[in-house]
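Structure at a glance
Below are the chains, spelled out letter by letter.
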Amino acid sequence: MSLPVGHFLRPSLRILLAAIAGMVLTLAYSATAQEDAVPAVEDVPSQALEETTQDVQGDLENVRGEIDISEERIAEIRAEIEALDGDATQLGAELIAAGQRVDLADEDIRLIEERLEALFASEQSVRSRLDGHDRSISNLLASLQRISAQPPPAIIVDPSDALGSARAALLLGAVLPQLQERAETVTESLNELIALKQTALAESEQLNANLATLNEERLRIATIIEARKQGLEWLSDDLLREEAEAQALADRATSLEQLIAGLETRIAAITAADEATRAANSGQTVPTLDPETLRLAFADAERSEPAVPIEAAKGYLRSPVTGSTLTTYGAADGYGGQSKGLTISTANGATVSAPADGWIVHSGPFLNYGQILILNAGQDFLVVLAGLDSITIEPGAFVQMGSPIGTMGDIPNLEAGAGASSPALYIELREGGIPIDPEGWWTAQSQQQESGTS
């Protein structure tokens, strides 16, 4: 029996090649290289904003290019997986056909085995028949041997023995046909036995060939199943890796886009702050800045001059200390006059911070008020702080809003008033050397702290 199995190798080879190709492409494709972490917007120095933005935009373009390559690779892998899935029907049909051929081979083997059993039985029958003729043939041969040793005399030579000669002639006439018939029977049986042996040998060879083909077929089936399984596993693993790398690239692109947006917002905020500063310095109307612009402007930790004009920061100045308001602007000061600023009761040893950006123009003791500090906030605005126990900033230094500049004492001072149990800080805001009402200049949190409701 001949089994057509040569074409059965093609699906296996195609699956293996697809899987190997997937592995090669995965190794050849360099996924996202280890990139530096995306910096926070606030960590970029102000002087490097433009350069950093350009660098990040270039990085973003590179990442987008890698994303395109990754998406193409993902599409290729999915197409390969779909191709393998699409071959499932064909593979299933061929596997079924192979199974049918295996079944046919099993049936042929069974028939051959039955045929061999019949041949062996026939051989035994012939051998039995031959064994049955052995004695008759032996007797005939013995008789012929005796006749050959003592042949009967011819009648014409010895007329007196004519009866013996006739008997011998009759005997020979009867034996010779029987002997010839038996000889022909034996010859036929021997020829039949030879033919049966040759047939059995041919059938045996065919059986061996079919067994080899059957084993080969089973091996091919197992190879196809394993190859398809391995191919799908490799491609699936490759797809998972590519999708993870694509997600990492997408996340990085999102981070870079957010960084660019943040940098551009910072650039816009600094530009707006610079324009407001130029307007304030030239005596023009100071534009109103939104809270986000102010936040970003004040977030520049490397600034060496006020982030924005103090007028633009109205409502966003920080209270220099936390405490309860003792007196407000215009209230009686207890000495027959009106207060020109705020007085806040503080905790012993409280830290005093700069209420605005500016330069220290004076620091030192002042009468019985303790230490006094005057801050030039720009555009002819001054902030006066009195009642400190110590000052940690030297005159001429630039301080940023919120930076520590001194500490309070641990005993009531003159600003605390008679009967006070804690020290107090006096805060005065001046424009053009004239005290102004600081109401509305502090942040809402500062106002709550000043009123003692925080």
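Just above sits the structure.
Now for a quick tour of the structure. (Residues numbered from 1 in each chain as written. Predicted model: local features only at pLDDT ≥ 70, side-chain atom pairs only at ≥ 80, totals over all residues. Heavy atoms only, no water.)

The subject of this paragraph is the overall build of the protein. Within the protein, the regular secondary structure consists of 5 helices and 11 strands. The buried share of the protein, taken over its 454 residues, is 36%. Counting only contacts in the protein whose residues sit at least 6 apart along the sequence, the fraction spanning at least 24 positions is 73%. Total accessible area on the protein stands at roughly 25300 Å², and carbon and sulfur atoms take up 54% of it. (Helix = DSSP H or I, 4+ residues; strand = E, 2+ residues; numbered from the N terminus. Buried < 20%, exposed > 50% of the residue type's maximum accessible area, 1.4 Å probe, protein only. Contact = heavy atoms within 4.5 Å. Areas by Shrake-Rupley, 256 points an atom, 1.4 Å probe, with all protein chains shown as cover.)

Our next topic: helix 4 (residues 291–298). Taken residue by residue, helix 4 has Thr293, Leu294, Leu296, Ala297 and Phe298 as its buried positions. With a side-chain oxygen lying 3.1 Å from the backbone nitrogen of Glu292, the N-terminal cap of helix 4 falls on Asp290. (Polar contact = N/O pair within 3.5 Å; in protein donor to acceptor, adjacent residues only side chain to side chain.)

Here we come to the pairing of strand 10 (residues 424–431). In regular strands, side chains alternate between the two faces of the sheet. A large share of strand 10 lies buried, amounting to 6 of its 8 residues. Both strand 2 (residues 342–345) and strand 10 contribute to a ladder of 4 bridges, which runs antiparallel. Residue pairing in the sheet places Ser345 in a bridge with Ala424 of strand 10. Note: strand 6 (residues 381–388) against strand 10, 6 bridges, orientation antiparallel. Bridging from a neighbouring strand, Phe381 pairs with Glu431 of strand 10. (Pairing = 2+ DSSP bridges.)

The next point concerns unusual backbone geometry. Across residues other than glycine, the phi torsion is negative in most instances, and most of the peptide bonds are trans. Positive phi, close to 55°, is recorded for Gln379, a residue that is not glycine. As for its placement among the helices and strands, Gln379 is situated in the loop between strand 5 (371–378) and strand 6. The exposure class of Gln379 is partly exposed, given its relative accessible area of 23%. One non-glycine residue, Asp380, adopts positive backbone phi at about 65°. Residue position: Asp380 is located in the loop between strand 5 and strand 6.

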